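# Close look at the chain arrangement
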Amino acid sequence: MRSVDLGGRTAATREVAGIPGRYFSMELSGLQKVRAIAHAADGRVLGQLGDTAPANAGPPQSYEEARAQGNLSGFAPGVELPTSMTYQGKPVTADQIVAKKLSCTEDSTATLVCKDR
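Read on for a plain summary of the structure. (Residues numbered from 1 in each chain as written. Predicted model: local features only at pLDDT ≥ 70, side-chain atom pairs only at ≥ 80, totals over all residues. Heavy atoms only, no water.)

## Things to note about unusual backbone geometry
- The phi dihedral of Gln88 is positive, around 55°, even though this residue is not glycine.
- For Gln88, a relative accessible area of 61% puts it in the exposed group.
- Non-glycine residue Lys101 carries a positive phi angle of around 55°.
- Summarising the element assignment, Lys101 is placed in the loop between α2 (94–100) and β9 (103–106).
- Look at Lys101 and you get exposed, because its relative accessible area is 57%. (Buried < 20%, exposed > 50% of the residue type's maximum accessible area, 1.4 Å probe, protein only. Helix = DSSP H or I, 4+ residues; strand = E, 2+ residues; numbered from the N terminus.)

This is the structure we're talking about:
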């Protein structure tokens, strides 16, 4: 990657001793939206991040939509929810876990097993 298009401004990338790859930096004032597009030396687009389009009416509905909007939630790790939750051997809801301030761990069957602290 030799350059990055920053919504009409181009930033040249540079090498940093001891770190693999090429890097660029930029400063923004206010709450500007940014779209960075990485180009190879031959001009091919290698990748992009962000969007300068107006924000949509609501939050993104998927990782893909969040990434397309440049929303950081599109890059957050995801986890699968447990298949069930129990307390003293009986089913329990998330609200009950919070209300009782239970301590929970997930077992090998993807069941969240909760106990008193």
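Moving on from the model shown.
## Digging into the nonpolar core
- If you look at the biggest cluster of nonpolar residues, it comprises six residues: Tyr87, Val92, Ile97, Leu102, Leu112 and Cys114.
- In contact with Leu102, other than residues within four places in its own chain, are Tyr87, Gln96, Ile97, Cys114, Lys115, Asp116 and Arg117. (Core = buried A, V, L, I, M, F, W, Y, C linked by side-chain atoms within 4.5 Å. Contact = heavy atoms within 4.5 Å.)

## Quick word on the side chain of Thr111
- Looking at where Thr111 falls in the secondary structure, it is placed in strand β10 (residues 111–115).
- A residue is classified by how much of its surface remains accessible, and Thr111, at 12% relative accessible area, is buried.
- The residues contacting Thr111, other than those within four sequence positions of it, are Thr83, Ser84, Thr86, Thr105 and Glu106.

## Examining a nonpolar patch on the surface
- On the surface, Leu49, Leu72 and Phe75 cluster together to form a nonpolar patch covering roughly 340 Å² of accessible area.
- Mapped onto the elements, Leu49 comes out in strand β6 (residues 45–50). (Patch = residues over 30% accessible without salt bridge, like charges linked within 9 Å, V, L, I, M, F, W, Y side chains within 5 Å. Areas by Shrake-Rupley, 256 points an atom, 1.4 Å probe, with all protein chains shown as cover. Salt bridge = Lys/Arg side-chain N within 4 Å of Asp/Glu carboxyl O.)

## A closer look at the state of the cysteines
- With the rule as written, the count across this model stands at one disulfide.
- Each disulfide pairs two cysteine sulfurs, and for Cys104 the partner residue is Cys114, the sulfurs being separated by 2.1 Å. Negative torsions about the S-S bond denote left-handed disulfides, and the value of about 105° found for Cys104 with Cys114 makes this one right-handed. Here Cys104 is found in strand β9, whereas its partner Cys114 is found in strand β10, with 10 residues between them in sequence.
- Exposure remark for Cys104: the relative accessible area of 27% places this residue in the partly exposed category. (Disulfide = S-S within 2.5 Å.)

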